[in-house]
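Each chain, written out:
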Amino acid sequence: MESKELAILLAKTLDAKKGQEIKVLETGTLTTLAEYFVICTATSTTQIKALAGFCEKAAREHGETPHHIEGHRGETWVLLDFSSVVVHLFLDETRKFYNLERLWSDAKEMDLSGIMPQEEVPGQTADF
């Protein structure tokens with residue numbers, strides 16, 4: 001699976017499981033650490049663990065396994081390293097503290113608007 005495809009798969013997985021503020025940063029031209037960073041906020045430590053599990057499962061179903069996982073003990077963040085794609089799952093306060101978007105501000109943010117479904121706005125009805 002190509003790096004970009006894996007990053008999109010993981011972003012969609014996080015979105016489907018109610019991850020928040022999902023961003024995909026293209027980091028391949030800036031570092032050898034990974035081609036893409038997928039960043040997501042969770043609402044609880046329980047959700048962080050669940051999102052990590054869903055990402056692992058989705059990736060394994062496509063023949064990808066994480067090479068390294070960090071952060072389970074601290075429970076405020078988890079990092080899943082798939083070599084070319086690194087997933088960062090944070091509680092809101094922890095995400096603000098680490099501020100990866102600022103740290104990697106030279107990275108191009110992938111436009112996910114055509115990839116993930118638009119959020120429904122309360123009070124609006126869908127066109128049928």
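Everything below is about the structure shown above.
Residues numbered from 1 in each chain as written. Predicted model: local features only at pLDDT ≥ 70, side-chain atom pairs only at ≥ 80, totals over all residues. Heavy atoms only, no water.

Colleague: Would you mind showing me how to read the packing of helix 1 (residues 3-16) against helix 2 (residues 45-60) here?
Modeller: Packed helices, taken two at a time, are described by their axes: the angle between them and the distance between them. One way to put it is that helix 1 packs onto helix 2 with a least axis distance of 9 Å and a crossing angle of 140°. Taken together, the axes of helix 1 and helix 2 lie oblique to each other. By crossing handedness, the relation of helix 1 to helix 2 is classed as right-handed. Touching L6, L9, L10, T13 and L14 of helix 1 are L51, F54, C55, A58 and A59, all from helix 2. For the contact of helix 1 with helix 2, the per-class residue count stands at nine nonpolar, one polar and no charged. (Axes fitted to C-alpha atoms, helices over the stretch in contact; angles between N-to-C directions. Helix = DSSP H or I, 4+ residues; strand = E, 2+ residues; numbered from the N terminus. Parallel < 35°, antiparallel > 145°, perpendicular 65-115°, else oblique. Left-handed = near helix turned anticlockwise from the far one by under 90°. Contact = heavy atoms within 4.5 Å. Nonpolar A, V, L, I, M, F, W, Y, C, P; charged D, E, K, R; others polar.)

Colleague: Explain the pairing of strand 4 (residues 77-81) here, please?
Modeller: A regular strand places its side chains so that they alternate between the two faces of the sheet. The pairing of strand 3 (residues 68-70) with strand 4 spans three bridges and is classified as antiparallel. Each bridged residue has a counterpart across the sheet, and for I69 the counterpart in strand 4 is L80. As judged from the five bridges shared by strand 4 and strand 5 (residues 85-91), these two strands associate in the antiparallel manner. Bridge pairing in strand 5 links L79 to H88. Connecting strand 4 to the antiparallel partner strand 5 that follows it, the hairpin turn spans three residues, and S83 within it adopts a positive phi of roughly 70°. (Pairing = 2+ DSSP bridges.)

Colleague: Explain the environment of E35 here, please?
Modeller: You can see E35 is positioned in the loop between strand 1 (20-26) and strand 2 (36-42). Taking relative accessible area as the criterion, E35 reaches 39% and is therefore assigned partly exposed. Taking the C-alpha atoms as reference, E35 lies 8.3 Å from S83; in sequence the two are 48 residues apart. (Buried < 20%, exposed > 50% of the residue type's maximum accessible area, 1.4 Å probe, protein only.)

Colleague: Even after reading the chapter, I still don't get helix 2, so can you show me in this structure?
Modeller: One turn of the α-helix equals 3.6 residues, which is why residues spaced by three or four share an orientation. Taking 1.5 Å as the rise per residue, helix 2 with 16 residues should run 22 Å; its terminal C-alpha atoms sit 23 Å apart, in good agreement. Every buried residue of helix 2 is accounted for by Q47, I48, L51, A52, C55, E56, A58 and A59. Buried-residue contacts for helix 2 involve helix 1, strand 2, strand 3, strand 4 and strand 5. (Expected span 1.5 Å × (residues − 1).)

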